[in-house]
Amino acid sequence: MRAACALLGVELVELPDWSCCGATSAHMLDPQAAVMLPARNLLIANKLGLAELLVPCSACFARLRAADIELRNDPGRLINEPYDDPPTIFHINEFFDRPELLERLTQRVKQSLHELRGVCYYGCLSQRPAAITGSARPEDPLSMERVLEALGMRALPWSYKTDCCGASLSLSRPDLVRQLSGNLFQAAKLCGAELMVVDCPMCQSNLDTRQSQIEDERNTRYGLPIVYISELIALALGDEGNDWWPGHLVDPRPLLHDKGLL
């Protein structure tokens, strides 16, 4: 993300002393903590006078948006300080999908991704519930497709882009995660995908770490790299200072070498 934004001339300011948003744990166990933990980060951003808050994690995005709604509706119930002119909270796709940044992406592409054949996988948390996320198309989002199109890649159409991968059930019910994620792999391969592009770290983790287990259970081979969208942005813009590819369990480098991108 830092590499992609630097190449686009977007200055990132990390929130000082930020804290965990609470994620699924607080949301399930303590309604007040589920609001106050992300609210603390929003108040830090508000005091700094930041107009925009870029959130690359879908779970954090959902919790921050929920807290923002609570604070706007009734700040006095939760905090004893002003919440005036708070930042606009953007998930990664919606941030880059704005006209000025799409144009900048198109103009600064160093190597087109037109050879790649992949599907966009949004998962659940960045889109639903729409009352929290603000998504205009919670069942059929298109923001990631537009970002990739600016990079020269035309995403393949498929109907599983917002189906669940199993999310945090990875710890308590890995069998369900393997079933749900396996269905995604099967659907992606059927439509001719060579990779899956994601915008959620939890989805990326589930799909990347469980793929070999799912292949063994189903006696098949998918071999689908699970690539975070910011990696493709930085790749297309010509970043040469970072090598994050070895961190993947399903290595994307053979595919990218084959396409002349590495």
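So, here is what we can say about the structure in this document. Residues take numbers from 1 onward in each chain, read along the sequence in its written order. Per-residue local features of the predicted model are confined to residues with pLDDT of at least 70, and side-chain atom pairs are confined, for both listing and counting, to 80 or more; whole-chain, interface and lining totals are unaffected and use all residues. Calculated side-chain values reflect all of the structure's heavy atoms, with hydrogen atoms and water omitted.

**Comments concerning the side chain of Ser 230**
Secondary structure follows DSSP: runs of H or I at least 4 residues long count as helices, runs of E at least 2 residues long count as strands, and numbering of each begins at the N terminus. With respect to the helices and strands, Ser 230 occurs in helix 13 (residues 229-236). Think of it in three bands: residues with accessible area under 20% of the maximum for their type are buried, residues over 50% are exposed, and the middle band is partly exposed, with areas taken using a 1.4 Å probe on protein chains only. Of the residues examined, Ser 230 reaches a relative accessible area of 8% and is grouped as buried. Ser 230 has contacts with Met 1, Ala 4 and Ile 92, leaving out every residue within four places of it along the chain. Contacts between residues were defined by any pair of non-hydrogen atoms, one from each residue, lying within 4.5 Å.

**Some points on the pattern of salt bridges**
The rule for a salt bridge is simple: a side-chain nitrogen of Lys or Arg has to be within 4 Å of a carboxyl oxygen of Asp or Glu. One pass over the full model with this rule turns up 16 salt bridges. Residue Asp 140 is joined to Arg 137 by a salt bridge in which the shortest nitrogen-to-oxygen separation is 2.7 Å. By relative accessible area, Asp 140 is classed as partly exposed at 34%. Where Asp 140 meets Lys 161, a salt bridge forms, and the shortest distance between an N and an O atom there is 3.0 Å. Here Asp 140 is found in the loop between helix 8 (130-133) and helix 9 (143-150), whereas its partner Lys 161 is found in the loop between helix 9 and helix 10 (169-172), with 21 residues between them in sequence. Given the relative accessible area of 6%, Lys 161 is considered buried. Shared partners join several salt bridges into a network, and the residues in it are Arg 137, Asp 140, Glu 145 and Lys 161.

**Some thoughts on unusual backbone geometry**
Between Arg 128 and Pro 129 the backbone carries a cis peptide bond, its omega angle lying at -5°. The phi torsion at Asp 85 lies on the positive side, around 50°, for a residue other than glycine. Given a relative accessible area of 72%, Asp 85 falls into the exposed group. Backbone geometry places Asn 219, a non-glycine residue, at a positive phi of 50°. Relative to the helices and strands, Asn 219 is located in the loop between helix 12 (201-218) and strand 5 (226-228). A relative accessible area of 72% places Asn 219 in the exposed class.

**A closer look at the packing of aromatic side chains**
Pairing of aromatic rings covers Phe, Tyr and Trp, the last through its six-membered ring, and needs centres within 6.5 Å; plane angles under 30 degrees mean stacked, over 60 mean edge-to-face, and all others mean tilted. Scanning the entire structure with this criterion turns up six aromatic pairs. Summarising the aromatic geometry, the rings of Phe 95 and Phe 96 are spaced 5.2 Å apart at their centres and angled 85° between planes, so their arrangement reads as edge-to-face. Of the two residues, Phe 95 and Phe 96, both sit in the buried class. Measuring from centroid to centroid gives 6.4 Å for Tyr 121 and Trp 158, while their planes differ by 65°, and the two rings are edge-to-face. Of this pair, Tyr 121 sits in strand 3 (residues 118-121) while Trp 158 is found in the loop between helix 9 and helix 10, placing the two residues 37 residues apart along the sequence. Trp 158 matches Tyr 121 in its accessibility class, with the two residues each being buried. Each member of the aromatic cluster is reached from another via a ring pair, and the members are Phe 90, Phe 95 and Phe 96.

**Notes on the packing of helix 9 against helix 13**
For any two helices packed against each other, the geometry comes down to the angle between their axes and how far apart the axes lie. Lines are fitted to the C-alpha atoms to define the axes, a helix being fitted only along its stretch in contact, and any angle between axes, read from their N-to-C directions, falls within 0 to 180 degrees. Between helix 9 and helix 13, the shortest axis-to-axis distance is 10 Å and the interhelical angle comes to 15°. Classified by the interaxial angle, the pair formed by helix 9 and helix 13 is roughly parallel. Considering only the axes of helix 9 and helix 13, their crossing is left-handed. For the pair helix 9 and helix 13, the contacting residues are Met 144, Val 147 and Leu 148 in the first and Ile 229, Leu 232 and Ile 233 in the second. Just so you know how the angles are binned, under 35 degrees is roughly parallel, over 145 roughly antiparallel, 65 to 115 roughly perpendicular, and the rest oblique. Whether a crossing is left-handed or right-handed is set by the direction in which the near helix is turned from the far one by less than a right angle, anticlockwise for left-handed and clockwise for right-handed.

**A few points about the environment of Asp 163**
Its location among the elements puts Asp 163 in the loop between helix 9 and helix 10. In this structure the C-alpha to C-alpha distance between Asp 163 and Gly 123, which are 40 residues apart in sequence, comes to 5.7 Å. In contact with Asp 163, not counting residues within four places along its chain, are Tyr 121, Gly 123, Cys 124 and Leu 184.

Scope: geometric values only; no functional claims are made or implied.
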